Amino acid sequence: MSGSLLLSKENSTVTEDGTFKHTTSPIVTGTSVLALKYKDGVMMTSDCLASYGSLARFRSVNRLQSVGSHTILGASGDISDFQYVQNQLEGLMLNEHVTDDGLKLGTSSIYKYLSNIMYGRRSKVNPLWNKYIVAGVEPDKNNNIFLGYVDLFGTTYQSTVIATGFGAHIAMPIMRKYAEPRANELTEEEASKILDDCMRVLYYRDARSFNKLQKAKVTAAGVEISEPYSLSTNWDFAESIIGYGA
């Protein structure tokens, strides 16, 4: 493409000859986000790594964000696109605050707004290279527990357990076995252990994962996001794997 880059507009760049160049692949990326319902709300976790290709470049990235008082957003995929979406959501929540009409955006409304953003960008053939998990408890709907998924095409679905990235292949069977059948009776401690076990397996199996994690929960009382912590691991089993090590 001829001409030097003049300005950046959303996810596009405009050249001197007036043509647009869109991002055709993610650059700095985060991997799996996992979430499950338990009896008091929803718990979500992700690691703190942002990879530049195969390089573990940034190791203190927060991919879990609170939106309002009763909603959590978890993102995998391109970090800069996630930052763009964060900015859009912050503007949305600021407008709601300024309106001051006594109404608050619930999790399902934020979920629909996000799906519209993703589908709109996909329709312009300029997608945001992310997959999102949206979780929350809606006080105005009898504390309805909400857990939904949105991807770069605007595809949406809701479920009791959801995973993005490599976790959709490795962690989902574990969560379906131990969390999904007991979602209405699962305690916070049990939910936390299941997610830690899943992230430990992902650390063993996913080359883009990391054992420094953050965990978030949303209940009727609000949102809590933990400080980053390191997950204990044990590589003794690797000695029996053919081809491991020297």
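Residues numbered from 1 in each chain as written. Predicted model: local features only at pLDDT ≥ 70, side-chain atom pairs only at ≥ 80, totals over all residues. Heavy atoms only, no water.

What to know about the overall build of the protein
For step 1, the next point in the chain: Per the secondary structure count, the protein includes four helices and 17 strands.
For step 2, the next point in the chain: Dimensions of the protein along its principal axes, counting C-alpha atoms only, are 60 × 60 × 30 Å.
For step 3, the next point in the chain: For the protein, buried positions account for 44% of its 246 residues.
For step 4, the next point in the chain: Taking the intrachain contacts of the protein between residues at least 6 apart in sequence as the baseline, contacts between residues at least 24 apart amount to 60%.
For step 5, the next point in the chain: Carbon together with sulfur atoms contributes 51% to the accessible area of the protein, which is approximately 12,900 Å² in total.
For step 6, the next point in the chain: Across the protein, the mean location of the 24 positive side-chain charges is 5 Å away from that of the 26 negative side-chain charges. (Helix = DSSP H or I, 4+ residues; strand = E, 2+ residues; numbered from the N terminus. Buried < 20%, exposed > 50% of the residue type's maximum accessible area, 1.4 Å probe, protein only. Contact = heavy atoms within 4.5 Å. Areas by Shrake-Rupley, 256 points an atom, 1.4 Å probe, with all protein chains shown as cover. Lys, Arg positive; Asp, Glu negative; His and termini not counted. Charge placed at Lys NZ, Arg CZ, Asp CG, Glu CD.)

Looking at a nonpolar patch on the surface
For step 1, the next point in the chain: A grouping of Ile-27, Tyr-52 and Leu-55 is seen on the molecular surface, where their side chains present a nonpolar patch of about 310 Å² in accessible area.
For step 2, the next point in the chain: Relative to the assigned elements, Tyr-52 resides in strand E7 (residues 50–52). (Patch = residues over 30% accessible without salt bridge, like charges linked within 9 Å, V, L, I, M, F, W, Y side chains within 5 Å. Salt bridge = Lys/Arg side-chain N within 4 Å of Asp/Glu carboxyl O.)

Some remarks on the layout of surface pockets
The method is simple in principle: a probe with the dimensions of a water molecule rolls over the atoms, and the space it marks as empty is what remains.
For step 1, the next point in the chain: Estimated volume of the largest pocket: approximately 400 Å³.
For step 2, the next point in the chain: Lining the largest pocket are 20 residues, and of these Ser-69, Met-93, Leu-103, Lys-104 and Leu-105 lie nearest its centre.
For step 3, the next point in the chain: For the lining of the largest pocket, the secondary structure elements donating two or more residues are helix H1 (79–99) and strand E11 (130–138).
For step 4, the next point in the chain: Residue contributions to the lining of the largest pocket peak at three residues, all from H1.
For step 5, the next point in the chain: Residues that form the lining of the largest pocket fall into these classes: six nonpolar, eight polar and six charged.
For step 6, the next point in the chain: Reported here for the second largest pocket is a volume of approximately 210 Å³.
For step 7, the next point in the chain: Every residue lining the second largest pocket is listed: Pro-26, Thr-29, Gly-30, Thr-31, Ser-76, Gly-77, Asp-78, Trp-129, Asn-130, Lys-131, Leu-152 and Gly-165.
For step 8, the next point in the chain: Ranked by residue count, the leading element in the lining of the second largest pocket is strand E10 (residues 71–78), at three residues. (1 Å grid on protein atoms, 1.4 Å probe; cavity = no way out; pocket = protein on both sides within 12 Å on 5 of 7 lines; lining within 4 Å. Points joined across faces, edges and corners; volume = space filled by probe spheres on them. Nonpolar A, V, L, I, M, F, W, Y, C, P; charged D, E, K, R; others polar.)

Notes on unusual backbone geometry
For step 1, the next point in the chain: A positive phi angle, close to 50°, is found at Asp-100, a residue other than glycine.
For step 2, the next point in the chain: Position of Asp-100 among the secondary structure elements: in the loop between H1 and helix H2 (107–123).
For step 3, the next point in the chain: Non-glycine residue Asn-142 carries a positive phi angle of around 55°.

Here we look at helix H4 (residues 188–205)
For step 1, the next point in the chain: Between its terminal C-alpha atoms H4 stretches 26 Å, which fits the 26 Å expected from 18 residues at 1.5 Å a residue.
For step 2, the next point in the chain: Residues of H4 that are buried include every one of Ala-191, Ile-194, Leu-195, Asp-196, Cys-198, Met-199, Arg-200 and Leu-202, and no others.
For step 3, the next point in the chain: Where H4 is buried, its residues touch strand E5 (33–38), strand E6 (41–47), helix H3 (167–178), strand E15 (212–219) and strand E17 (229–230). (Expected span 1.5 Å × (residues − 1).)

With respect to the side chain of Thr-71
For step 1, the next point in the chain: Note on placement: Thr-71 falls in strand E10.
For step 2, the next point in the chain: When its relative accessible area of 3% is taken as the criterion, Thr-71 is described as buried.
For step 3, the next point in the chain: Polar side-chain contacts of Thr-71 include one of 2.9 Å to the side chain of Thr-107. (Polar contact = N/O pair within 3.5 Å; in protein donor to acceptor, adjacent residues only side chain to side chain.)

Overview of the confidence of the model for the protein
For step 1, the next point in the chain: Model confidence for the protein is summarised by a mean pLDDT of 90, while 92% of its residues fall at 70 or above.
For step 2, the next point in the chain: Considering only residues more than four positions removed or in separate chains, one finds that residues 1–9, a stretch of pLDDT under 50, has 20 contacts. (pLDDT = per-residue confidence, 0-100.)

Brief notes about the packing of aromatic side chains
Aromatic rings considered in pairs are described by the distance between their centres and by the relative angle of their planes.
For step 1, the next point in the chain: Under the definition given, this model contains five aromatic pairs.
For step 2, the next point in the chain: Geometrically, the ring pair formed by Tyr-203 and Trp-235 is edge-to-face, given 5.8 Å between the ring centres and 70° between the ring planes. Remark: Trp-235 occurs in the segment after E17 and Tyr-203 occurs in helix H4; sequence separation between them is 32 residues.
For step 3, the next point in the chain: The exposure class of Trp-235 is partly exposed, given its relative accessible area of 34%.
For step 4, the next point in the chain: Put simply, the rings of Tyr-203, Tyr-204 and Trp-235 pair up and form one aromatic cluster.
For step 5, the next point in the chain: Of note, Arg-121 hangs over the ring of Tyr-84, and the distance from its end group to the ring centre comes to 5.4 Å. (Phe/Tyr/Trp six-rings, centres within 6.5 Å; stacked < 30°, edge-to-face > 60°. Lys NZ or Arg CZ within 6 Å of the ring centre and 35° of its normal.)

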